[in-house]
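Examination of the molecular architecture
Chain residues, written in single-letter form:
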Amino acid sequence: MIKRLQKRYALSEQGAKDLVKGCLACVLQNLSFMFPVGLLFFLVSDLLNGGIPGEKTAFYIIGCVGCIAFILLATYLQYNATYFATYRESGVRRITLAERLRKIPLSFFGKKDLADLTSTIMADCTFLEQSFSHFIPELAGSIISTTLISISLLFFDWRMALAALWVMPVSFAIVGLSAKVQEKLNQKAMDVKMDCADGIQECIETVRDLKANNAEAEYMKGLEKKIRAVEHRSILNEFGIAVFVVSASLILKLGIATVSLVGSVLLIQGSLDVITFFLFLLVVSRLYDPLQGALQNLAAVISTRTNIARMNEILDHPVQKGDNRLSNNGYDIVFDHVRFAYNTETVLKNVSFTAKQGEVTALVGPSGGGKTTVSRLAARFWDVNQGRITIGGMDISRTDPETLLSLFSIVFQDVTLFDNTILENIRIGNKDATDEQVIAAAKLANVDEFAEKLPDGWNTNIGENGCELSGGERQRISIARAFLKNAPIILLDEATASLDVENETLIQTALSRLIADKTVLVIAHRMRTVAGADKIVVLADGVAAEEGTPYELKKKNGLYARMVKLQTESQNWKLK
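All of the points below concern the structure found in this document. Note that the structure is a prediction, hence the values are computed from the model and not measured.

1. A word on a nonpolar patch on the surface
A surface patch of nonpolar side chains, amounting to about 370 Å² of accessible area, comprises Leu28, Leu73, Tyr76 and Leu77. A total of three residues in the nonpolar patch trace back to one element, the largest contributor, which is helix α4 (residues 54-103). Mapped onto the secondary structure, leucine 77 falls in helix α4. Taking relative accessible area as the criterion, leucine 77 reaches 36% and is therefore assigned partly exposed.

Shown next as structure tokens:
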């Protein structure tokens, strides 16, 4: 049962156990509310039979105190078993989702946007937190306690019991049958919410371009439509659920009427005594109250299916696994008949080449040829569909991704920095490094040229994603990270593509220090960037079209030579 609850509600094992405890605590609390009803029944019986005997006075006083104490204890247990346990599970669930995302291949993120994933971790978890503290335990508690009370009522008088209980299956059936309608409504509501969240995020990220093109007003009109769509869909969603819940509640209220009607008939016929009639009126007045909430909780539980499905999409996604030990002998990277398709689009058809240790291997070619894909596959950001990739003879598909990445220092074209100091941004490369080691790595990357001129020097906060720095300065911090990590394999993905000549020269100098005696894969569009490479692999149409030194490929007069010629002519045209 625990495993089923884990799968059904996207819970941890402890969370599933806590859910069971919460349900049992709610059963206990609901039953505790029936004890005053029983005490009142005995009191009325004694009054109708000639008054309260003196010896029973203490019994009723102790009974009242006992009922109050039992209700307080049951409520305390219920609160701890539902709310506190739910808060703990909410934290565990968010961490579990984040850990799962950390191990999922990057291909998964190509199908998702940031707003969607953020909403799953934050909004969906928050909604489920409310469900597990309010809806599910109380629903289960109401159903179980009501079933127990219903069975006991049958022993008193089965006719009155049927008059009181017939409304329950009808009411729950009405809400239960609304499941498919609710799922459709919830999915549509979720779709427009995600569309709106994407629009808001896009607006914030592109506000500079919108201002530059005087497109703010037009964009805001479209964003307002998305917000209105969320409002409209939320109203329809609430109305769609209310139709079923209110209808079921009306049916439930008929139970009081049927108990009164059937009881009156039986009383007139003389087949029912007043005390039993009074007992049933007391019980139904209390019995339907938790069921009223249970109907609403049932509708809410049905609504969680959409949120749970979104969470299970992450939790059920296959993760990359492998050996935590490295078995490589050297650092030669070998691509052996590698094929890779992103979604349905084949990017690499049959790629084979070797990037040797101590050499710079450059990947060039037209856009869409697969250069970046090759570098990502080498670091096992994705797994190949066919063929294999080895590092020093070690098959990377059998190696744990995090262990594998300890061999790599990667410098991307798009640098990601954190809202922190220069020192802490560089220390990302090695969290255990001392300040002296960080500064030494920074100087190798020429970071000291601008860092020491800032007001707080190395402890200057550089703002969100390094907004206080220029593109060249941000790139040098990224290279400093690679120096600090000092891994044996270097991946350079268009590290100088967006820089001016002065910054490019500084960074090329820093990179020449970084790549000494290492296995280096360089991705570049500018042919002058790879002119000094030991080996060039030209990727085109998903295959390694050419391979050799820059001199050999120029002499061959193939695709590489044509690319060099075109870029040279383009530069000469600009000079004119």
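Let us keep going from here.
2. With respect to the layout of surface pockets
Its volume calculated, the largest pocket comes out at about 640 Å³. Mapped by element, the contributors of at least two residues to the lining of the largest pocket are β6 (408-411) and α17 (471-485). The greatest single-element share of the lining of the largest pocket, amounting to four residues, is contributed by α17. Residue classes in the lining of the largest pocket are distributed as nine nonpolar, five polar and five charged. Each pocket or cavity is described by its volume, and for the second largest pocket that value is around 520 Å³. Elements with a contribution of two residues or more to the lining of the second largest pocket: α5 (114-156), α8 (179-205), α10 (216-269) and α11 (274-315). Along the lines of polarity and charge, the residues of the lining of the second largest pocket split into eleven nonpolar, eight polar and three charged.

3. Observations concerning the nonpolar core
In terms of nonpolar packing, the biggest core is built from 61 residues, with Met168, Val283 and Tyr288 touching the most fellow members. The element best represented in this core is α11, accounting for 20 residues. Among the nonpolar cores identified, the runner-up in size contains 44 residues, and Ile462, Leu484, Ala533 and Tyr560 belong to it.

4. A look at the environment of threonine 460
When you line up the elements, threonine 460 lands in the loop between α16 (448-451) and α17. Take threonine 460: its relative accessible area is 12%, and that puts it in the buried class. Residues within four places of threonine 460 in sequence aside, it is in contact with Asn420, Thr421, Ile422, Leu454 and Pro455. Reaching out from threonine 460, the side chain makes a polar contact with the backbone nitrogen of aspartate 456 at a distance of 3.2 Å. For threonine 460, the side chain forms a polar contact with the main-chain oxygen of glycine 457, separated by 2.8 Å.

5. Regarding unusual backbone geometry
Phi angles above zero are rare outside glycine, and asparagine 446 is one such case at about 65°. Unlike most non-glycine residues, asparagine 486 shows phi in positive territory, near 55°.

6. A few points about the environment of aspartate 541
With respect to the helices and strands, the residue aspartate 541 is situated in the loop between β9 (535-540) and β10 (543-548). Along the chain, aspartate 541 and glutamate 231 lie 310 residues apart, while their C-alpha atoms are 47 Å from each other.

7. Some details on the packing of aromatic side chains
Under the definition given, this model contains three aromatic pairs. Residues phenylalanine 340 and tryptophan 382 carry aromatic rings whose centres are separated by 5.5 Å and whose planes lie at 15° to one another, so their mutual orientation is stacked. Residue phenylalanine 340 is found in strand β1 (residues 333-342), and its partner tryptophan 382 is found in the loop between α12 (371-378) and β4 (386-391); the two are separated by 42 residues along the sequence. The residues phenylalanine 340 and tryptophan 382 share a single accessibility class, namely buried.

Criteria and cut-off values
Every residue gets a number counted from 1 within its own chain, in the order that chain's sequence is written. Note on the predicted model: pLDDT of at least 70 is required for a residue's local features to be given, and 80 or more for side-chain atom pairs to be given and counted; whole-chain, interface and lining totals, by contrast, use all residues. Only heavy atoms go into the side-chain values, all of them from the structure, while hydrogens and water stay out. Note on patches: the residues involved have over 30% relative accessible area and no salt bridge, like charges join within 9 Å, and the nonpolar side chains Val, Leu, Ile, Met, Phe, Trp and Tyr join within 5 Å. Per-residue and other accessible areas follow the Shrake-Rupley method at a 1.4 Å probe size, with only the shown protein chains counted as cover for residues. What counts as a salt bridge is simple: a side-chain nitrogen of Lys or Arg found within 4 Å of a carboxyl oxygen of Asp or Glu. For helices the rule is a DSSP run of H or I covering at least 4 residues; for strands it is a run of E covering at least 2, with both sets numbered from the N terminus onward. Burial classes follow relative accessibility: with a 1.4 Å probe on protein chains only, a residue under 20% of its type's maximum area counts as buried, one over 50% as exposed, and anything between as partly exposed. Here a cavity is any set of points on a 1 Å grid over the protein atoms alone where a 1.4 Å probe fits but cannot get out, and a pocket is any open set with protein on both sides within 12 Å along at least 5 of 7 lines; a residue lines the site when it has an atom within 4 Å of a point. Grid points are joined across faces, edges and corners, and a volume is the space filled by probe spheres set on the points. Residue type decides the class: Asp, Glu, Lys and Arg count as charged, Ala, Val, Leu, Ile, Met, Phe, Trp, Tyr, Cys and Pro as nonpolar, and the leftover types, Gly among them, as polar. By nonpolar core is meant a set of buried Ala, Val, Leu, Ile, Met, Phe, Trp, Tyr and Cys residues that side-chain atoms within 4.5 Å join together. Contact between two residues is taken to exist if any of their heavy atoms lie within 4.5 Å; hydrogens are not considered. What qualifies as a polar contact is a pair of N or O atoms within 3.5 Å, subject to a donor-acceptor requirement within protein and to the restriction that residues adjacent in sequence count only when both atoms come from side chains. Aromatic pairs are defined between Phe, Tyr and Trp rings, using the six-membered ring for Trp, whenever the two ring centres lie within 6.5 Å; interplanar angles under 30 degrees are classed as stacked, those over 60 as edge-to-face, and all others as tilted.

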